[in-house]
Amino acid sequence: SFEVLLGARLLQGLGAAAVPTLGVAIVSARYEGDVRTAALGRVAGMAAAVSALGPLAGGLVADLVNWRAVVALPALGLLVVPALWRAVPTKGTGARLDILGAVLVAGTAAGLVLLVQSPAAGTVVATAGAVVATAGAVLLGLGVPAVAARVRRRPEGFLPKAVIHEPVVVRSALAASAVPAAWFALLIAVPAVLAAEGWTPLQVGLALVPSALTGFLAPRLAGPLLARLGPARSLVTSGITAAVALVVAALGAAAGSAVVLVTAVVLVTFAFGLGQPALMAAVGGAVPADVRGVALGIATLVFLVGGGVGSAVVGGIGEVLGLDVSLLLLAALPLAGCLALVGTIRAQRVAG
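## Describing the nonpolar core
- Within the largest apolar cluster, 68 residues are counted, with the highest numbers of intra-cluster contacts made by L186, L279 and L327.
- Residues in contact with L279, not counting those within four places in the same chain, are S172, A173, A176, L235, A299 and F303.

## Considerations on the pattern of salt bridges
- For the structure shown, the criterion picks out 2 salt bridges.
- Each member of the salt-bridge network shares a partner with another, and the members are D98, R150 and R154.

## What to know about empty space enclosed by the protein
- What the rule picks out here adds up to 1 cavity of 30 Å³ or more.
- Its boundaries defined by the atoms lining it, the largest cavity holds a volume of some 60 Å³.
- Lining the largest cavity we find D98, G101, L104, V105, V147, R150, V151, R154, F158 and L159.
- Of all the elements in the fold, those that place two or more residues in the lining of the largest cavity are helix 5 (99-124) and helix 6 (126-153).
- The class makeup of the residues in the lining of the largest cavity is 6 nonpolar, 1 polar and 3 charged.

## Points about the layout of surface pockets
- The space that makes up the second largest pocket amounts to roughly 720 Å³.
- Forming the boundary of the second largest pocket are 28 residues, of which L112, L174, L301, V302 and V305 lie nearest the centre.
- Take the lining of the second largest pocket: its biggest share by element is 8 residues, from helix 8 (residues 167-196).
- Classifying every residue of the lining of the second largest pocket gives 24 nonpolar, 4 polar and no charged.

## Let's talk about the side chain of S172
- Within the secondary structure layout, S172 lies in helix 8.
- Contacts of S172, omitting those with residues within four sequence positions, involve L235, L279, A282 and L341.

## Re the side chain of S326
- Within the element layout of this structure, S326 appears in helix 14 (residues 323-330).
- Polar contacts involving the side chain of S326 include one to the main-chain carbonyl oxygen of L323, which spans 2.8 Å.
- Apart from residues no more than four positions distant in its own chain, S326 is found in contact with V313, V314, I317 and G318.

## Quick word on helix 14
- Residues S326, L327 and L330 constitute the buried set of helix 14. On an axial view of helix 14, the arc spanned by its buried residues comes to 100 degrees, and they lie on one face.
- Residues of helix 14 that are buried make contact with helix 8, helix 11 (231-255), helix 13 (292-321) and helix 15 (332-340).

## A word on helix 8
- Helix length check: helix 8 (30 residues) gives 44 Å between terminal C-alpha atoms against 44 Å at 1.5 Å per residue, within 8%.
- Trailing helix 8 by a residue or two, G198 shows a phi angle of about 100 degrees, which is positive.

## Some remarks on the packing of helix 8 against helix 14
- One way to put it is that helix 8 packs onto helix 14 with a least axis distance of 11 Å and a crossing angle of 170 degrees. Classified by the interaxial angle, the pair formed by helix 8 and helix 14 is roughly antiparallel. Regarding helix 8 and helix 14, the two cross each other, and that crossing is left-handed. From helix 8, A181, A185, L186, A189, A192 and V193 reach across to helix 14, where they touch L323, L327 and L330.

## Focus: the environment of L142
- Turning to its location among the elements, L142 is positioned in helix 6.
- By relative accessible area, which is 60% here, L142 ends up exposed.

## Examining a nonpolar patch on the surface
- Judged by side-chain polarity, M46, V50, L213, F216 and L217 come together as a nonpolar surface patch covering roughly 480 Å² of accessible area.
- Looking at the nonpolar patch, the elements that each hand over two or more residues are helix 2 (33-64) and helix 10 (209-229).
- In terms of residue count, the dominant contributor to the nonpolar patch is helix 10 (3 residues).
- Relative to the helices and strands, L213 resides in helix 10.

## Let's talk about the packing of helix 1 (residues 2-30) against helix 13
- Running from amino to carboxyl end, helix 1 crosses helix 13 at an angle of 145 degrees, the nearest separation of the two axes being 10 Å. Considering how the two elements wind past one another, helix 1 and helix 13 form a crossing that is right-handed. Of the residues in helix 13, those touching helix 1 at A17, P20, T21, V24 and S28 are L296, G297, T300 and L304.
- Its residues assigned to classes, the contact of helix 1 with helix 13 shows 5 nonpolar, 4 polar and no charged.

## Here we look at the packing of aromatic side chains
- Scanning all chains against the criterion turns up 2 aromatic pairs.
- Measuring from ring centre to ring centre gives 5.6 Å for W183 and F272, while their planes differ by 35 degrees; the resulting arrangement is tilted. Taken as a pair, W183 in helix 8 and F272 in helix 12 (residues 258-284) lie far apart in primary sequence, 89 residues in all. The same class applies to W183 and to F272, which are both buried.
- When the centroid spacing of 5.6 Å and the interplanar angle of 50 degrees are considered together, the rings of F272 and F303 count as tilted. With F272 in helix 12 and F303 in helix 13, the pair connects residues that are 31 residues apart, well separated along the chain.
- Residue class for F272 comes out buried when judged on its relative accessible area of 7%.
- F303 gets classed as buried once you look at its relative accessible area, which sits at 1%.

Scoring rules and cut-offs
Residues numbered from 1 in each chain as written. Predicted model: local features only at pLDDT ≥ 70, side-chain atom pairs only at ≥ 80, totals over all residues. Heavy atoms only, no water. Core = buried A, V, L, I, M, F, W, Y, C linked by side-chain atoms within 4.5 Å. Buried < 20%, exposed > 50% of the residue type's maximum accessible area, 1.4 Å probe, protein only. Contact = heavy atoms within 4.5 Å. Salt bridge = Lys/Arg side-chain N within 4 Å of Asp/Glu carboxyl O. 1 Å grid on protein atoms, 1.4 Å probe; cavity = no way out; pocket = protein on both sides within 12 Å on 5 of 7 lines; lining within 4 Å. Points joined across faces, edges and corners; volume = space filled by probe spheres on them. Helix = DSSP H or I, 4+ residues; strand = E, 2+ residues; numbered from the N terminus. Nonpolar A, V, L, I, M, F, W, Y, C, P; charged D, E, K, R; others polar. Polar contact = N/O pair within 3.5 Å; in protein donor to acceptor, adjacent residues only side chain to side chain. Arc of directions from axis to C-beta. Expected span 1.5 Å × (residues − 1). Axes fitted to C-alpha atoms, helices over the stretch in contact; angles between N-to-C directions. Parallel < 35°, antiparallel > 145°, perpendicular 65-115°, else oblique. Left-handed = near helix turned anticlockwise from the far one by under 90°. Patch = residues over 30% accessible without salt bridge, like charges linked within 9 Å, V, L, I, M, F, W, Y side chains within 5 Å. Areas by Shrake-Rupley, 256 points an atom, 1.4 Å probe, with all protein chains shown as cover. Phe/Tyr/Trp six-rings, centres within 6.5 Å; stacked < 30°, edge-to-face > 60°.

From the geometry alone we can't say anything about function, so treat these as descriptive.
This is how it looks when you write it as structure tokens:
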């Protein structure tokens, strides 16, 4: 039943979207300074590596059992919870949750993704694209002013005014969001191109093993780079690498070259492994300790919305103009993010 599958996927998305924020919060609560930065780098590298191994695990399970067993694979994460339980902080501040603010932000983000995704729906059913585009435009059009009004009315709510008015947080989050956009786009585009060339799911998974190895090694490179360059310059390095990866992937998609496509995924995996800890270091150092957790959560939200936009661009525009063109268009996002950080780098240079 498609309806049951869709409903279950929504529930899975709710849980999966909370995991990165919780992971960042746990690490940030336990560690400080360079140790925290190194820990965040390891978390990002592990996430990238496991994500790259996902198609391989899925291909193996699908061949040995069936596709339904593949859907259950994320439940293996529950095995880690007992070992983690005693190590994580268990006390909160007792602050009230701004449910309305959260709903407004979620609706606005959904509107953006639906609007970008709408071209794909139009290729399936003529009226579907218009319905999706209209729904996205309405959610986005109503959501932006509603969120702004909510922040004015409740400055300490879901989006604290002290956090979203901090330029370093806003610029860093927007710049970093282009990296998961590239990462998620390639995780969709590369298997799609290889499948069109006749590759089996297992072969596609094996092709992504170099990316997984890069994810495991990325923290060893990201830590020294972050210490040497600082958060802002590290974000610029990550963004440029992601843009190059998208251009390389576009060339590989046009030529149907597996080697070029795998190279692109390796590049974007490194960008992801450097970009997420750089974002957390930039945000964590820009706000007071009492709002640091909220700031990191907001930064992670923007980070993940970027991933949703990247998936939507490949799935939406890619259906209409082709995967290679959609990847080239997406390459503009990391470059724009790098430009947004120029002001931050100049300010830090003056302060230094």
